[in-house]
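The primary structure of each chain is shown beneath.
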Amino acid sequence: APGVYSTLAGFVEAGESLEQCVQREVREEVAVEVGNLRYIASQSWPFPHSLMLGFHADYQGGEIVPQPEEIEDARWFRLDALPPLPPHGSISRYLIELHLARRAGTAEPHLPA
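Since we're looking at a predicted model, the values are computed, not measured.

Asker: How should the overall build of the protein be read in this particular structure?
Answerer: Assigned secondary structure in the protein consists of 2 helices and 2 strands. Going from the N terminus to the C terminus, the protein shows its helices and strands as α-β-β-α. Against the compact-globule benchmark of 13 Å for 113 residues, the protein has a radius of gyration of 14 Å, which places it among compact chains. Projected onto its principal axes, the C-alpha coordinates of the protein cover approximately 35 × 30 × 30 Å. Looking at the 113 residues of the protein, the share that counts as buried comes to 31%. A sequence separation of at least 24 residues applies to 47% of the contacts in the protein between residues at least 6 apart. Carbon and sulfur atoms make up 55% of the accessible area of the protein, which amounts to about 7,700 Å² in all. Between the averaged position of the 8 positive side-chain charges in the protein and that of its 16 negative side-chain charges there is a distance of 8 Å.

Asker: Is there a simple way to think about helix α2 (residues 91-104) in this case?
Answerer: Here α2 is 14 residues long and its end C-alpha atoms lie 20 Å apart, about the 20 Å a rise of 1.5 Å per residue gives. Residues of α2 that are buried: Ile-91, Ser-92, Arg-93, Tyr-94, Leu-95, Ile-96, Leu-98 and Ala-101. Residues of α2 that are buried make contact with β1 (33-45) and β2 (50-61). Phi turns positive one or two residues past the end of α2, at Gly-105, with a value near 70°.

Calculation notes
- Sequence order sets the numbering: in each chain, residues are counted from 1 along the sequence as written.
- Under the rules for a predicted model, residues below a pLDDT of 70 receive no local features and side-chain atom pairs below 80 are neither given nor counted, while totals for whole chains, interfaces and linings still include all residues.
- Each side-chain value is derived from all of the structure's non-hydrogen atoms; neither hydrogens nor water enter the calculation.
- Strands are runs of DSSP state E lasting at least 2 residues, helices are runs of H or I lasting at least 4, and numbering of each runs from the N terminus.
- Radius of gyration: over C-alpha atoms. The globule rule applied is 2.2 Å multiplied by the number of residues raised to the 0.38 power.
- Only protein chains enter the accessibility calculation, which uses a 1.4 Å probe; a residue is then buried when its area is under 20% of its type maximum, exposed when over 50%, and partly exposed in between.
- Only heavy atoms enter the contact rule, under which two residues are in contact if any of them lie within 4.5 Å.
- Accessible areas in this description were obtained via Shrake-Rupley with a 1.4 Å probe; residue shielding takes into account the shown protein chains only.
- Counted as positive: Lys and Arg. Counted as negative: Asp and Glu. His and the chain ends are not counted at all.
- All charge positions are set by atom: Lys at NZ, Arg at CZ, Asp at CG, Glu at CD.
- Helices are assigned an expected span. That span is 1.5 Å times one less than the residue count.

Laid out in structure tokens, this is it:
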């Protein structure tokens with residue numbers, strides 16, 4: 001939806017580990033390097049019959065440069081000034097809310113079934 005910001009997503013390539021996929025997709029889509037990947041959760045996704053796997057990662061370097069044919073806009077946001085987010089019930093919203101809760105030391109949200 002216009003004005004809504006989400007997490008990055010992509011598809012695993014043959015012969016690639018999940019960790020390699022996360023690092024490659026982030027590098028391809030926004031030119032940022034990440035490390036210390038932590039698997040968080042999964043969620044089935046009906047389009048196109050996929051399993052979404054959610055990770056948190058630490059920034060390691062690079063300046064955000066959105067991939068023109070893939071990413072409309074990408075940027076860093078202050079935790080107290082977030083833009084509109086994906087809908088509740090999506091793994092991307094859960095990953096964002098979990099990060100916020102952990103940073104604030106508050107109760108962690110539950111991943112929707």
